[in-house]
Amino acid sequence: MLYRVEGIVIRSMDYGEGNKIITLCTKSHGKMGVLVRGAKKVRSRHAAATQLFTYGEYVFFRGMGQIGTLNGCEILESHHEIREQLHAAAYASYAVELVDRALQDEEAGGYMFEQLLAYLQGLREGKDEQVMTHLFEMKLCQAVGVAPELNSCVCCGRNDQLVSFGWRLGGAVCSTCRTREHSQYLSPLPILKLLQVFAHTDLRRVGNVKVKPETKHFLRTCMRGYMDTHVGVRCKSTSFIEQMEKYDLAPPTVQEKPEQHTEKLEEQVQDDAKLAWNQDIKLDE
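The notes below deal with the structure included here. Here the structure is a predicted model, which means the values were calculated and not measured. (Residues numbered from 1 in each chain as written. Predicted model: local features only at pLDDT ≥ 70, side-chain atom pairs only at ≥ 80, totals over all residues. Heavy atoms only, no water.)

This next bit is on the overall build of the protein chain. Check the secondary structure of the protein chain and you find eight helices and eight strands. Looking at the protein chain as a whole, 51% of its 285 residues are labelled buried. Partitioning the intrachain contacts of the protein chain with sequence separation of at least 6 by distance along the chain shows that 63% fall at a separation of at least 24. (Helix = DSSP H or I, 4+ residues; strand = E, 2+ residues; numbered from the N terminus. Buried < 20%, exposed > 50% of the residue type's maximum accessible area, 1.4 Å probe, protein only. Contact = heavy atoms within 4.5 Å.)

Taking 1.5 Å per residue as the helical rise, helix α3 (residues 111–124) with its 14 residues ought to reach 20 Å, and the 20 Å between its terminal C-alpha atoms agrees with that figure. In this fold, the buried residues of α3 make contact with β1 (2–15), β2 (19–26), β4 (55–61), α1 (80–83), α2 (86–102) and α4 (129–144). Positive phi appears at glycine 126, one or two residues downstream of α3, with a value of about 90 degrees. (Expected span 1.5 Å × (residues − 1).)

For the rest of this paragraph, the subject is the sheet that holds strand β6 (residues 162–166). What the three strands build is an open sheet, ordered β7-β6-β8; its pairing is antiparallel. Where the open sheet ends on each side, the last strands, each with one partner, are β7 (171–174) and β8 (186–188). Across the sheet, the mean angle from the axis of one strand to that of its neighbour is 45 degrees, orientation sign disregarded. Of the pairings in the sheet, the one linking β6 to β7 comprises four bridges and is antiparallel in character. Looking across to β7, one finds that leucine 162 is bridged to cysteine 174. The strands that helix α5 (residues 189–199) touches are β6, β7 and β8; relative to β6, the one it contacts most, it runs at about 75 degrees. (Pairing = 2+ DSSP bridges. Axes fitted to C-alpha atoms, helices over the stretch in contact; angles between N-to-C directions.)

Another aspect to go through is the packing of α2 against α3. Between α2 and α3, the shortest axis-to-axis distance is 11 Å and the interhelical angle comes to 175 degrees. By the angle between their axes, α2 is roughly antiparallel relative to α3. Between α2 and α3, the contacting residues are Ala88, Tyr91, Ala92, Ala95, Val96 and Val99 on the first element and Leu116, Tyr119, Leu120 and Leu123 on the second. (Parallel < 35°, antiparallel > 145°, perpendicular 65-115°, else oblique.)

Looking now at the nonpolar core. Ranked by internal contacts, the top residues of the largest apolar core, which has 63 residues, are Leu116, Tyr119, Phe136 and Leu195. Top contributing element to this core by residue count: α2, with 10 residues. Leucine 195 has contacts with Met138, Leu150, Phe165, Leu219, Cys222 and Met223, leaving out every residue within four places of it along the chain. Formed by 13 residues, the second largest nonpolar core is a distinct cluster that contains Val5, Ile22, Val36 and Tyr58. (Core = buried A, V, L, I, M, F, W, Y, C linked by side-chain atoms within 4.5 Å.)

As far as function goes, none of this settles anything; it's purely spatial.
In structure tokens form, the structure reads like this:
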């Protein structure tokens, strides 16, 4: 059967001496594998179509239960700007690997295709890679049915007096149930409010995103812990991102006592989360 689909390359691997097999996240058919003959050859006309993050219209023949064989491709957006920037390429590699490993074939189409395309577009436009990635993680969690409970206490169900987000428990916790979660797994209330914004924000409508380093530090710890606990997919690209963040986003060195520094940091996060709630994450009219 001949297919003509819009797709994004989320995995590309060598096959034999001169061929490649790519995995596409398509708009209409979920994830699909396609064999591209001669893609490794210098003069191959399909070499560019096998590059990671490439968005195009792919035409291929696929028999019953077989992998497809590429006939032609029209590249709609190569996203070469992402591949040329270390940080953007690292985060984008994590996002496409997450789609490939966490989503089933039927889950990867439609909505998630649009979110992934908007995510790549945001990186290409220079938006904050880490914040955009956490937004994308939230969309993926919603797609696979493991989204955190953000509007009521995950322990008792009450929707008032929410004071924190416990990523090991998987959602918001109230003042009464806060003791059920260890303090190292709790994030301050402003982070919970920021996650509530993320849950209702479509990546296709995200404007300029600005979040302070202190907030990003809390957010990174929270989302990484939640993903490891509730999604359970450890991507290879995560190790590289962790090494990159170790040098780029190290926590600030302070002379105060630990408890004093924590209070200051929470104040900064509170101010920043308010700003993000009201101004930084802008939705188009």
